[in-house]
Amino acid sequence: MHSTDKTDKDKGENGAPGLPQKGFWGWLNRRTSLDNLLRTALYEPIPGGARFAYIFGSGLLFIFISQVITGIFLALYYVPSADHAHTTVAYITKAVTAGSFLRSLHAYGASAMIIVLFLHISQTYVYGSYKGRRELLWLSGCALFGLVLAMAFTGYLLPWDQRAYFATAVGTNAVSEVPWIGESIKRLMRGGTEMGTLTISRFFVAHVFLIPAFIFALVASHILLFRKAGAAGPVNEDPYHPKQKSELFYPRQVLMDLSLTALLIIGLGLLCFFAPMQLGPPANPADARYVPRPEWYYLPIFQWLKYWHGSAAIVGVLVIPTLLVLAILALPFLDKSVERRPWKRPAAMGAYVFVAFSLVGLGLRSQYLDRHDSGVAQQLAKQRAEEDEYARKPFEPELSSASLVAANVTLADPLAAKGKIIFEGQSCNACHGDGGVGTAAAPALVGIRAKFSPDQLAELFKHPAPKMSAGGMPSIDLPPDDLKALIAYVESLK
Amino acid sequence: MVEDAGHLESGTSLGSGSSPESRRSFLGALLSVGGLFVGALLSVPLIRFALFPLLRRTTELKESPVGALTEFSSLTEPMMRTIQIEQVDGWRKAVSEKAVYVTKDSQGRLRVLTSICPHLGCTVPWNKEKDRFVCPCHGATFAADGTRVSGPSLRGMDTLETSVQDGELQVRFQYFRQLVSDKEIIG
């Protein structure tokens, strides 16, 4: 430690600044070597200098961190169950301060992630930045791409509104088209043959615990591998041995990266403030007329799957997607040439343009078909109107199950209903609780039917057992009709 | 959020030194301040979201309607009413029913009594013959206006907070501690 104090070795090279060597920062630095970390993070050489083309990676990192933070905060109020998910999201959207804004930030953040991810992949592909010992970097990026799509898919269900429910029903149904194991995978994803509360639990666990853990690990690997391989630089740079004069990441590239971050903050902020994400009415699985539509980024796949039915389905659902994924994964292994200039790589560029246009084309086609099928267009308009209507309604708390039990009993049987009045009039509820749920003073009467017959109950009411008397249970002296009603009520408690 | 991105770049350059460095350290300082400012701005909705229970009521006992004032104008003895109590607990609510008595105090003003005995919590019925509230559990008795007459209870029956809205009597149902001589709200 003492040597650090004397020498100047913490001072950056190239006249680069570091933390001050005196006072608190100096002490912190001697204890942590924070300076080294900062220098490693910031003084990464970029062959050919800083460019706006390289800003998307850190943009993605920013959105990811934003998603993590907003996600953690949303979990303060969210409950992952078919009973409560929609109510709690409605509570977040309609009641909690800044709730609509934060939820919108999280939901639109997913879309922003997809857009920036597409730009990041496009830049990498067009610049040939996957070349030159960057196979693992590319593969970790592909895995991250898949995980981000999985996050979008699992997160979409969680609000449990009509839109979410039906889109996920269709999405999980598509999986069952996979031959042999498709049906089992679907059942595994749903936690059963139908969509239900187990589906929410599974999607929640995947969305909140599993996938994020993998993303964290892979983001770390991706950055590590990137730093190991080094920035690829411009298209005319040698991917193996960069020769162009390099510029450090800080400050110019940092400023360029921050400009995207600023743009994202302003764009998302304005969008979330002026056009917050809507929550539709709660999922109603019985609604047979509902026309499901996925989020925009899944429209191309949605449209693609429409073309494949019957015996040909295996080609469209399994063979072609698998080949495409394999081709993408194998890219850095197949394309070993050092040529990175797009205009010298017509096949690669052709494939890129073809895939990009196909995706956009499929998405537009889906939109076009919806607009030109009057039945569908009408139903979609109706669904949007229902969403608007639901969005305008004030928040209505969910009736707790205890209240429902108490309410249901009164309706069931007139004798039991009379018994309930006696139960309360005789202050039985004072000790046994409303609806016989039990209190600290006396045990629950719920389900007592299984233990005692009506005759046994009548006997216990007249002559309580010694243990009951000791607990404060009085003997009940009622006219026979009232006693009968009281017993009917107590027996009805479930 | 952004402050994380910001910190990374920022904290670096508070260093002093020769002039090629000073421009960078100025930029570093600018980024630190900017990063902190944007970070603070972005945490405003997060803080508001988390502090919601401090900004608004998240748990609440709603006032329950008892009946129109006119129904109680010619009251000669305590009248039992079953009220619906709505208890809001965050995003859910519980609805329960409780018996209360509408009666008059010595000055003839309306008063609503909870039927829960202040002794041990049994429901106290009005006994017309004895012109008293008589608790079935341990025999505490109370006058028509709820004041204690005899028995083990340490205080009279508990009055509930009332208000009048559009000619209707409203009551806020509450529980009180038992076995003490002073009325003490417990929930």
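How each quantity is defined
Residues numbered from 1 in each chain as written. Chains lettered and ligands numbered in written order. Predicted model: local features only at pLDDT ≥ 70, side-chain atom pairs only at ≥ 80, totals over all residues. Helix = DSSP H or I, 4+ residues; strand = E, 2+ residues; numbered from the N terminus. Rg over C-alpha atoms; globule rule 2.2 N^0.38 Å. Buried ≥ 20, exposed ≤ 12 C-beta atoms within 10 Å, placed from the backbone. Contact = placed C-beta atoms within 7 Å. Domains from an automatic or database assignment. Axes fitted to C-alpha atoms, helices over the stretch in contact; angles between N-to-C directions. Parallel < 35°, antiparallel > 145°, perpendicular 65-115°, else oblique. Left-handed = near helix turned anticlockwise from the far one by under 90°. Nonpolar A, V, L, I, M, F, W, Y, C, P; charged D, E, K, R; others polar. Pairing = 2+ DSSP bridges. Core = buried A, V, L, I, M, F, W, Y, C linked by C-beta atoms within 7 Å.

Caption draft 1: Quick peek at the overall build of chain A. A count of helical and extended segments in chain A gives 21 helices and 3 strands. For chain A, whose C-alpha radius of gyration is 32 Å, the value lies well above the compact-globule estimate of 23 Å for 494 residues. With respect to the three principal axes, the spread of C-alpha positions in chain A is 105 × 70 × 45 Å. When each of the 494 residues of chain A is scored for burial, the buried share is 33%. Pairs at least 24 apart in sequence give 75% of the contacts found in chain A among residues at least 6 apart.

Caption draft 2: Quick peek at the overall build of chain B. A count of helical and extended segments in chain B gives 3 helices and 11 strands. The secondary structure elements of chain B, listed N-terminal to C-terminal, are α-α-α-β-β-β-β-β-β-β-β-β-β-β. Across the 187 residues in chain B, those meeting the buried criterion constitute 30%. Across chain B, every contact between residues at least 6 apart in sequence was considered, and the portion connecting residues at least 24 apart equals 48%.

Caption draft 3: Representation of the domain arrangement of chain A. As far as domains go, chain A holds domain 1 (2-41), domain 2 (45-392) and domain 3 (401-492). The gap between the C-alpha centroids of domain 1 of chain A and domain 2 of chain A is 40 Å.

Caption draft 4: Region of the structure containing the packing of helix 4 (residues 56-74) of chain A against helix 6 (residues 99-126) of chain A. Residues and elements named next belong to chain A. Direction vectors running N to C along helix 4 and helix 6 enclose 160°, while the axes themselves pass 9 Å from each other. Compared by their axis directions, helix 4 and helix 6 come out roughly antiparallel. The handedness of the crossing between helix 4 and helix 6 is left-handed. Together, Phe56, Gly57, Gly59, Leu60, Ile63, Ser66, Gln67, Thr70, Gly71, Phe73 and Leu74 of helix 4 and Leu102, Arg103, Leu105, His106, Gly109, Ala112, Met113, Val116, Leu117, Leu119, His120 and Gln123 of helix 6 make up the contact between the two elements. Residue composition of the contact of helix 4 with helix 6, by class: 12 nonpolar, 10 polar and 1 charged.

Caption draft 5: Structural context of unusual backbone geometry. Residue and element names in this part refer to chain A. Residue Pro251 follows Tyr250 across a cis peptide bond; omega there is 5°. Along the polypeptide, Pro251 turns up in helix 11 (residues 249-274). Of note in this structure, Ala98 is not a glycine but carries a positive phi near 65°. One can find Ala98 in the loop between helix 5 (85-94) and helix 6. Note on Ala98: 21 C-beta atoms within 10 Å, which makes it buried.

Caption draft 6: Structural detail: the pairing of strand 5 (residues 110-114) of chain B. Residue and element names in this part refer to chain B. In the sheet, strand 4 (residues 92-104) pairs with strand 5 via 5 bridges, with the strands oriented antiparallel. Its bridge partner being in strand 5, Val102 is matched across the sheet by Val112. The turn linking strand 4 back onto strand 5 is made up of 5 residues, and Gly108 within it adopts a positive phi angle of 85°. By the bridge criterion, 2 bridges tie strand 5 to strand 10 (residues 159-165) in an arrangement that is antiparallel. Considered in strand 10, the bridge of Val112 is made with Leu160.

Caption draft 7: Representation of the nonpolar core in the model. By size, the foremost hydrophobic cluster in this structure holds 35 residues, and its most contacted members are Ile92, Leu102, Leu157, Leu158, Trp160, Ala164 and Ile200 of chain A. Breaking this core down by element, the ones donating at least two residues are helix 4, helix 5, helix 6, helix 7 (135-157), helix 8 (162-175) and helix 10 (197-229) of chain A. Once residues lying within four places of it in the same chain are set aside, the contact partners of Leu158 of chain A are Pro80, Ala85, Ile200, Phe203, Phe204 and His207 of chain A. Membership of the second largest hydrophobic core comes to 24 residues, among which are Ile83, Tyr101, Val112 and Val124 of chain B.

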